[in-house]
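Descriptive structure summary
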Amino acid sequence: MGITLNVEQFLKDLEYLVNIDSQSKDPEGVAKVAAFFEKAFGDIGWTVERVEFDPTAGPSLKITNGEPPYDALLLGHMDTVFPKGTVAERPFSRDEKRAYGPGVNDMKSGLLFGLYAARALTAKGSKGSFCIAYNSEEEIGSRRARPWIEQLAQESRTSVVLEPARPNGNLMNARKGLGRIEVTFNGRAAHAGVEPEKGISAVNEMAYWIVALHGLTDFEKGTTLNAGIVAGGTGANVVPEKATMTVDVRVKIPNEVERIAEKILQLKAHPATPGISVDADFILTRPPMNPGEKTPKLCALVEEAGKEAGVEFGWQSTGGGSDGNFTAALGVPTVDGLGAMGGGSHSIGEYIEIDALPSRFAMLLGLLERIPGTMF
Ligand SMILES: [Zn+2]
């Protein structure tokens, strides 16, 4: 112990970062956030490497203080869900208890936790080889970042995700896997009154698919499907030629993915609407994050560090995904929620609890000091 968080300095840095619009597809905004961390980590002697997957995403950062195998891979993301102009509308603000602003909880405070922890570890001369990966496109599914994160996970003994804790302070060692089904139905238009028999209704077939896919939902298994966006048709008196839909898929059990994929093949092979043609694309963007064999050991270290820091919390799972889904699916023990404590992510009411910052930070630091001496 000995290093406590300088809350005022932390909030000043946080204000700077929150006041940069950095939506996932705003490469300049993300680059500004990245530049802050490049400089700050460089100043304490850590090696910073810019990683560019795609010019539309902005740079990601790989930050290290040693060689692989890394004791821990710390994960964060610099992008937010808020479009350019959000900061001008509602910049960083604070009152006695809370700080507010776009990305304050998800997760610019977590990124700063990583920096402040690295500083503290360096100042104390703590042992351990760490890799910090700050992604530029987490909020749009990390499709391009995924192989990079998986590579780093394979070089790491543990993974610590700096996403925020739940509003009640709980941490996560399980998250559902998530995917998307995009379907396009191609039929044939016809006058609905004059010659309806010549039409092939894309909407009719879509309706059939919606019922069938929703029917796969199994709350006990943690499987849910939701046709969240549907569109089709051009007029009430026209047999609709085209329809499209996007279905959100969440799974807790990995092989549920196969059950869903099989159903899609079956639906394609046996249409309810003669003559229809269907294109369906199912991608699992994040595999489920479930505790593995070595996860309890890592959770025990978090609990020890939490006790020392005076943090009370429990473990819970969530239906939302993070980059921790990738590391956990590879069997790397993963804990998530070690950033700040707050709520309202992706909404106008996003906040963090100021009072909780010092103890949450102390818990993270205590964890990072314990991992290097523990066998995984
Ligand atoms: Zn996040």
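1. Thoughts on helix H5 (residues 146–154)
Turning to H5, its buried residues number three or more, namely Ile149, Leu152 and Ala153. Buried residues along H5 cover an arc of 105 degrees about the axis, so they all sit on one side. Projecting away from the buried face of H5 at angles above 90 degrees are the exposed residues Pro147 and Gln151. Its buried side turned inward, H5 meets strand E3 (72–77), strand E6 (130–135), strand E7 (159–161) and helix H9 (324–329).

2. Considering the domain arrangement of the protein chain
According to the domain assignment, the protein chain consists of domain 1 (7–175 + 289–373) and domain 2 (177–286). Here domain 1 and domain 2 have C-alpha centroids that lie 37 Å from each other. Counting residues at the interface gives six residues for domain 1, matched by five residues for domain 2. Looking at the side of domain 1 that touches domain 2, its residues break down into one nonpolar, four polar and one charged.

3. Quick notes on the packing of helix H1 (residues 7–18) against helix H4 (residues 104–124)
A packed helix pair is summarised by two numbers, namely the angle formed by the two axes and the spacing between the axes. Here H1 crosses H4 at 130 degrees, and the two axes come no closer than 10 Å. Between H1 and H4, the angle is such that the two are oblique. Crossing handedness for the pair H1 and H4: right-handed. Within the contact between the two elements, H1 uses Phe10, Asp13, Leu14, Leu17 and Val18 and H4 uses Val104, Lys108, Ser109, Leu112 and Tyr116. Looking at the contact of H1 with H4 residue by residue, the class counts come to seven nonpolar, one polar and two charged.

4. Re the packing of helix H8 (residues 295–309) against helix H10 (residues 357–370)
At a minimum axis distance of 8 Å, the contact between H8 and H10 shows a crossing angle of 135 degrees. For the element pair H8 / H10, the angle class is oblique. In this structure, H8 crosses over H10, and the sense of that crossing is right-handed. Residues Leu301, Val302, Glu304, Ala305, Gly306, Glu308 and Ala309 of H8 pack against Ser359, Ala362, Met363, Gly366, Leu367 and Arg370 of H10.

5. Overview of the sheet that holds strand E14 (residues 277–286)
Ordered by their spatial adjacency, four strands build an open sheet running E11-E13-E9-E14, and the pairing between neighbours is antiparallel. Whereas interior strands pair on both sides, the edge strands pair on one side only; in this sheet they are strand E11 (224–232) and E14. Neighbour to neighbour, the strand axes of the sheet diverge by 15 degrees on average, direction disregarded. Sheet analysis places E11 next to strand E13 (residues 242–251), joined by eight bridges and oriented antiparallel. Within E13, the residue paired with Asn226 across the bridge is Asp248. Most of the contacts of helix H7 (residues 256–269) go to E14, to which it runs at about 170 degrees, and overall it touches strand E9 (177–186), E13 and E14.

Calculation rules
Residues numbered from 1 in each chain as written. Predicted model: local features only at pLDDT ≥ 70, side-chain atom pairs only at ≥ 80, totals over all residues. Buried ≥ 20, exposed ≤ 12 C-beta atoms within 10 Å, placed from the backbone. Helix = DSSP H or I, 4+ residues; strand = E, 2+ residues; numbered from the N terminus. Arc of directions from axis to C-beta. Contact = placed C-beta atoms within 7 Å. Domains from an automatic or database assignment. Nonpolar A, V, L, I, M, F, W, Y, C, P; charged D, E, K, R; others polar. Axes fitted to C-alpha atoms, helices over the stretch in contact; angles between N-to-C directions. Parallel < 35°, antiparallel > 145°, perpendicular 65-115°, else oblique. Left-handed = near helix turned anticlockwise from the far one by under 90°. Pairing = 2+ DSSP bridges.

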